[in-house]
Amino acid sequence: MTVLILDNPELLARAAIESGLAMPALASDDAPSKPHRLRFHYGFNKHRLDDQDQAILRQHADYLRHNPGVQVRIHGHADNFGVSEYNHFLSRLRASSAAKMLIREGVRESQVLVCGWGSDRPLARPEDHAANRRLELEYLTMEMAQAL
């Protein structure tokens, strides 16, 4: 296997542009900062966030609209009550519901990735059901292209 290492930021940025990858927007004084809260919890068998959590998710949408080169991966999780197939469905439903809200708020579909993990990746002990019913946001950026 051959690995090519480029240490020229200008060449890296040009290659990223030519390959069709979007460049991140440059930060400006009026651009919103990324909200610090990346984890949201759900009630038993629920897939909709409460009003306060939706307001924070709208802040994430605002950040993503102003930074088109940034993607967010939405990880949906469930507790271990019930059968595994239903928990995977519910976790995917949680992630999809959040993704739809971001897209309704003007975020491009290409910026949003969705994962449903069911109860396979508990945050706490499996017996701590409330902590494991959650949604997590993971931001993905093109660090090399920002080196301009």
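Before reading further, recall that the structure is shown in the block above.
Residues numbered from 1 in each chain as written. Predicted model: local features only at pLDDT ≥ 70, side-chain atom pairs only at ≥ 80, totals over all residues. Heavy atoms only, no water.

Engineer: Would you take a moment to explain the sheet that holds strand β4 (residues 134–140) for this structure?
Structural biologist: Note: strands within a sheet are paired through backbone hydrogen bonds, in either parallel or antiparallel orientation. Taken in spatial order, the four strands line up as β1-β4-β2-β3 in an open sheet, and their pairing is mixed. On the outer flanks of this sheet lie β1 (39–41) and β3 (112–116), each paired with one strand and no other. Pairwise comparison of adjacent strand axes, ignoring direction, gives a mean angle of 20° for this sheet. In the sheet, strand β2 (residues 71–76) pairs with β3 via five bridges, with the strands oriented parallel. If you follow H75 over to β3, its bridge partner there is C115. This element, helix α3 (residues 84–104), spans β2, β3 and β4 of the sheet and lies at about 165° to β3. (Pairing = 2+ DSSP bridges. Helix = DSSP H or I, 4+ residues; strand = E, 2+ residues; numbered from the N terminus. Axes fitted to C-alpha atoms, helices over the stretch in contact; angles between N-to-C directions. Contact = heavy atoms within 4.5 Å.)

Engineer: Where do I start with α3 in this structure?
Structural biologist: Each α-helix turn comprises 3.6 residues. Residues three or four places apart therefore point the same way. The end-to-end C-alpha separation of α3 is 30 Å, in line with the 30 Å expected for 21 residues at 1.5 Å each. Buried residues along α3 sit in contact with α2 (51–66), β2, β3 and β4. Following α3 by one or two positions, G106 has its phi on the positive side, about 105°. (Expected span 1.5 Å × (residues − 1).)

Engineer: Where do I start with the packing of aromatic side chains in this structure?
Structural biologist: Two aromatic rings are characterised by how far apart their centres lie and by the angle between their planes. Applying the stated criterion across every chain yields a total of three aromatic pairs. When the ring of F44 is compared with that of F81, the centres are 5.8 Å apart and the planes differ by 90°; the resulting orientation is edge-to-face. With F44 in the loop between β1 and α2 and F81 in the loop between β2 and α3, the pair connects residues that are 37 residues apart, well separated along the chain. Overall, F81 belongs to the partly exposed group, its relative accessible area being 40%. An angle of 40° between the planes, with centres 6.0 Å apart, marks the rings of Y86 and F89 as tilted. One end of the pair, Y86, and the other, F89, are both in helix α3, three residues apart, so they sit about a helical turn from each other. (Phe/Tyr/Trp six-rings, centres within 6.5 Å; stacked < 30°, edge-to-face > 60°. Buried < 20%, exposed > 50% of the residue type's maximum accessible area, 1.4 Å probe, protein only.)

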